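# Structure assessment
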Amino acid sequence: MNRDARPSRADLAAAADKLLEDVIAPGLDVLLCGINPGLWSAATGHHFARPGNRFWPALHRSGFTPRQLRPDEQGLLIGYGLGITNLAARATARADELTRDELTAGGVILRAKVERFAPAWLAVLGVTAFRTAFGTQRVQVGPQEQEFGGARLWILPNPSGLNAHFTLDRLAEEFAALRQATDHPRIRGATADAADPDSPDSAEDTQLRR
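Per chain, the residues get numbers from 1 upward, laid out in the order the sequence is written. Local features in a predicted model are, by the rule used here, given only for residues with pLDDT of at least 70; side-chain atom pairs are given and counted only at 80 or more, and totals for whole chains, interfaces and linings are based on all residues. Values reported for side chains reflect all heavy atoms of the structure, with hydrogen atoms and water molecules removed beforehand.

Turning to the packing of helix H4 (residues 100–117) against helix H5 (residues 127–134), a few remarks are in order. Helix axes use the C-alpha atoms of the stretch in contact, all axes being lines fitted to C-alpha atoms, and the angles between their N-to-C directions lie in the range 0 to 180 degrees. Runs of E in the DSSP output that reach at least two residues are strands. Runs of H or I that reach at least four are helices, and both are numbered from the N terminus. Where H4 contacts H5, the two axes come as close as 7 Å, and the packing angle between them is 90°. Between H4 and H5, the crossing angle belongs to the class labelled roughly perpendicular. When H4 is examined against H5, the residues Arg100, Leu103, Thr104, Gly107 and Arg111 are found in contact with a partner set consisting of Thr132, Ala133 and Phe134. Charged residues are taken to be Asp, Glu, Lys and Arg, nonpolar residues to be Ala, Val, Leu, Ile, Met, Phe, Trp, Tyr, Cys and Pro, and polar residues to be all remaining types, Gly included. Along the lines of polarity and charge, the residues of the contact of H4 with H5 split into three nonpolar, three polar and two charged. We call two directions roughly parallel when the angle between them is under 35 degrees, roughly antiparallel when it is over 145, roughly perpendicular when it lies between 65 and 115, and oblique otherwise. The contact criterion used is simple: two residues touch if any of their non-hydrogen atoms lie within 4.5 Å.

Moving on: the pattern of salt bridges. A pair can form between side chains of opposite charge whenever their charged atoms are brought close. Salt bridges are defined by distance alone: a side-chain nitrogen of Lys or Arg within 4 Å of a carboxyl oxygen of Asp or Glu. Under the counting rule described, the total for this entry stands at eight salt bridges. A single salt-bridge network, built from bridges that share partners, covers Arg67, Arg70, Asp72 and Glu73.

Moving on: the sheet that holds strand S3 (residues 121–125). Only strands that DSSP links by at least two bridges are regarded as paired with each other. Taken together, the five strands give an open sheet; going across it, the order is S2-S1-S3-S5-S4, and neighbouring strands pair in mixed fashion. At either end of the open sheet lies a strand with only one pairing partner, and these are strand S2 (82–86) and strand S4 (142–148). Mean inter-strand twist for the sheet, computed between neighbouring axes without regard to direction, equals 25°. In terms of strand pairing, S3 meets strand S5 (residues 151–156) through five bridges, oriented parallel. Of the residues in S5, the one forming a bridge with Leu125 is Leu156. Docked against the sheet, H4 engages strand S1 (30–34), S2, S3, S4 and S5, running at close to 80° with respect to S4.

For the rest of this paragraph, the subject is H4. Expected helix span is given by 1.5 Å per residue-to-residue step, counting one fewer step than there are residues. With 18 residues, H4 extends 25 Å between its outermost C-alpha atoms, agreeing within 8% with the 26 Å of an ideal straight helix rising 1.5 Å per residue. Burial classes follow relative accessibility: with a 1.4 Å probe on protein chains only, a residue under 20% of its type's maximum area counts as buried, one over 50% as exposed, and anything between as partly exposed. By the burial criterion, the buried members of H4 are Leu103, Gly106, Gly107, Leu110, Lys113, Val114 and Phe117. Looking straight down H4, one finds that the buried residues subtend no more than 130° of arc, so they occupy a single side. H4 presents Asp101, Val108, Ile109, Glu115 and Arg116 as exposed residues on the side facing more than 90 degrees away from its buried surface. As for H4, its buried residues are in contact with S1, S2, S3, H5, S4 and S5. At the C-terminal side of H4, Ala118 shows a positive phi close to 50°. Working definition: the arc comes from the directions between the helix axis and the C-beta atoms, pointing outward to the latter.

It is worth spelling out helix H6 (residues 168–182) at this point. Quick reminder: α-helices carry 3.6 residues per turn. Residues three or four places apart thus point the same way. For H6, built from 15 residues, the straight-helix expectation of 21 Å at 1.5 Å per residue is met to within 8% by its first-to-last C-alpha distance of 21 Å. For H6, the complete set of buried residues consists of Leu168, Leu171, Ala172, Phe175, Ala176, Leu178, Arg179 and Thr182. Along H6, the residues classed as buried sweep out an arc of 160° about the axis, all on the same side. For H6, exposure combined with an orientation more than 90 degrees from the buried face picks out Glu173 and Gln180. Just beyond H6, the residue with positive phi is Asp183, at close to 50°.

The structure is reproduced here in structure tokens:
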């Protein structure tokens, strides 16, 4: 699909249940884990691709990247010591279409993936999904005491434009706290060009969707 093309309704319908490849490599500083791909992401082949999702702006504003990357530039993240995966593999229109069993099974796969690729940090983008996948209520946004598959664990808010609990500024603050905790040269080098404070925020709602 052309970089500037918007998926048609037929494209989005055909994307249901598709899988999206990870952006991953051994020894990353941070492996960012979404809940599951949305239809827009599955249709384009790019993570967090739906307009209104605040992932890429928050990543930039927090200092993880020197400029705001487009979703089709996701491969550049490896050079910043970052990667992207998902808790559940299949694409859906809404995250609440996933079953508890799917999230639980995804958690097992995620742990094996973290053990294999050995990132320093795992950052899960969605506290409710993490609680469901691992059957625990004892997690909040921020750093966690327990490790996960040998990696240090951090929970970030869901960056969906439909997450009404977090504005873009608040999301960027949470992402920035993680970046400061990692303190890795590749990430520190990405902060030379500060985030653009004038970048517009996105509309929000109460339902979570990527």
